[in-house]
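# Coordinates in review
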Amino acid sequence: MSGDLVLRGSYSAKIDAKGRLKIPTAFRPLIEVKPGGALFITSVDAKCVRVYALAAWQAVEERLARVPPEHPSRKKYLNRVNYFGQMAELDAQGRVSIPQRLREAAGIVGEVDVLGVTTHLEVWNHERFVSKLDAEPFTEADARDLAEFGI
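### Things to note about the overall build of the protein
Each helix and strand counted, the protein has five helices and eight strands in total. Across its three principal directions, the C-alpha atoms of the protein cover 45 × 40 × 35 Å. Burial status across the protein gives 36% buried among its 151 residues. The long-range share in the protein, meaning contacts at least 24 apart out of those at least 6 apart in sequence, stands at 63%. Looking at the protein as shown, the accessible area adds up to about 9100 Å², and 53% of this sits on carbon and sulfur atoms. The protein carries 21 positive and 20 negative side-chain charges, and their two centres are separated by 6 Å.

This is the structure we're talking about:
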């Protein structure tokens, strides 16, 4: 990602029979990926899929390089993102293949929600995401916590 471009908002999409996601048109220029461009597809918790333009993922790796290699949280994080992670390319129709292991773990089939999360996209099974919103309401305490940051 360059400059002040930020991934935000959400769009509905479908996973096709071959496990491909068509990146919503509004997000394509913001992830700076053209057909054949490199993406890194991964997850930390297998609840959703994270889609990074390679440059955005490399920025994460640069920050990780500052964490001591033996740090247990670093190891856990890398174990998960590498277990679920694979390099991918955007095809000429703006689609990217979601790795089967990750599709199955995150329930990424049929209707999905694609959310812009500042530096990357999150892809959620629609029903799972709606359940998450219901189970984790935004509370007055959350609003007070964010007010400390001027939000």
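### Overview of the pairing of strand β3 (residues 38-42)
Of all five residues making up β3, four are buried, and the element is well covered by its neighbours. Pairing analysis gives four bridges linking β3 to strand β5 (residues 86-89), with the strands arranged antiparallel. Along β5, the bridge assignment pairs F40 with M87. In this sheet, strand β4 (residues 49-53) lies alongside β3 in antiparallel orientation, the contact comprising four bridges. The residue of β4 that forms the bridge with F40 is Y52. Where β3 folds back onto β4 in an antiparallel hairpin, the turn is made up of six residues, including A46, whose phi is positive at roughly 60 degrees.

### With respect to helix α2 (residues 72-84)
With 13 residues, α2 should reach 18 Å at 1.5 Å per residue; the first-to-last C-alpha distance of 19 Å fits that figure. If you check which residues of α2 are buried, you get R74, V81 and F84. Relative to the axis of α2, the buried residues are bounded by an arc of 125 degrees and lie together on one face. For α2, the exposed residues set more than 90 degrees away from the buried face come down to P72 and N79.

### Overview of the environment of D91
Inspection of the secondary structure puts D91 in the loop between β5 and β6 (95-97). We classify D91 as partly exposed; its relative accessible area is 22%. As a C-alpha pair, D91 and R101 span ten residues in sequence and 20 Å in three-dimensional space. One polar contact links the side chain of D91 to the main-chain amide nitrogen of Q93, over a distance of 2.9 Å. Only 2.8 Å separates the side chain of D91 from the side chain of R95, close enough to count as a polar contact.

### Concerning the pattern of salt bridges
Summed over all chains, the structure comprises four salt bridges. Ionic pairing is found between D16 and R20, a salt bridge with its closest N-O pair at 2.7 Å. A residue is classified by how much of its surface remains accessible, and D16, at 26% relative accessible area, is partly exposed. For R20, a relative accessible area of 18% gives the class buried. Put simply, R95 and D91 hold a salt bridge, and the shortest N to O gap is 2.8 Å.

### Concerning the packing of aromatic side chains
Going through the model one piece at a time under the given rule, you end up with five aromatic pairs. Taken together, a centroid distance of 4.9 Å and an interplanar angle of 65 degrees make the contact between Y52 and W57 edge-to-face. Joined through ring pairs, the aromatic side chains of F40, Y52 and W57 make up one cluster. Above the plane of the ring of Y83 lies R101, whose end atom (NZ or CZ) is 3.9 Å from the centre.

What counts as what
Residues numbered from 1 in each chain as written. Predicted model: local features only at pLDDT ≥ 70, side-chain atom pairs only at ≥ 80, totals over all residues. Heavy atoms only, no water. Helix = DSSP H or I, 4+ residues; strand = E, 2+ residues; numbered from the N terminus. Buried < 20%, exposed > 50% of the residue type's maximum accessible area, 1.4 Å probe, protein only. Contact = heavy atoms within 4.5 Å. Areas by Shrake-Rupley, 256 points an atom, 1.4 Å probe, with all protein chains shown as cover. Lys, Arg positive; Asp, Glu negative; His and termini not counted. Charge placed at Lys NZ, Arg CZ, Asp CG, Glu CD. Pairing = 2+ DSSP bridges. Expected span 1.5 Å × (residues − 1). Arc of directions from axis to C-beta. Polar contact = N/O pair within 3.5 Å; in protein donor to acceptor, adjacent residues only side chain to side chain. Salt bridge = Lys/Arg side-chain N within 4 Å of Asp/Glu carboxyl O. Phe/Tyr/Trp six-rings, centres within 6.5 Å; stacked < 30°, edge-to-face > 60°. Lys NZ or Arg CZ within 6 Å of the ring centre and 35° of its normal.

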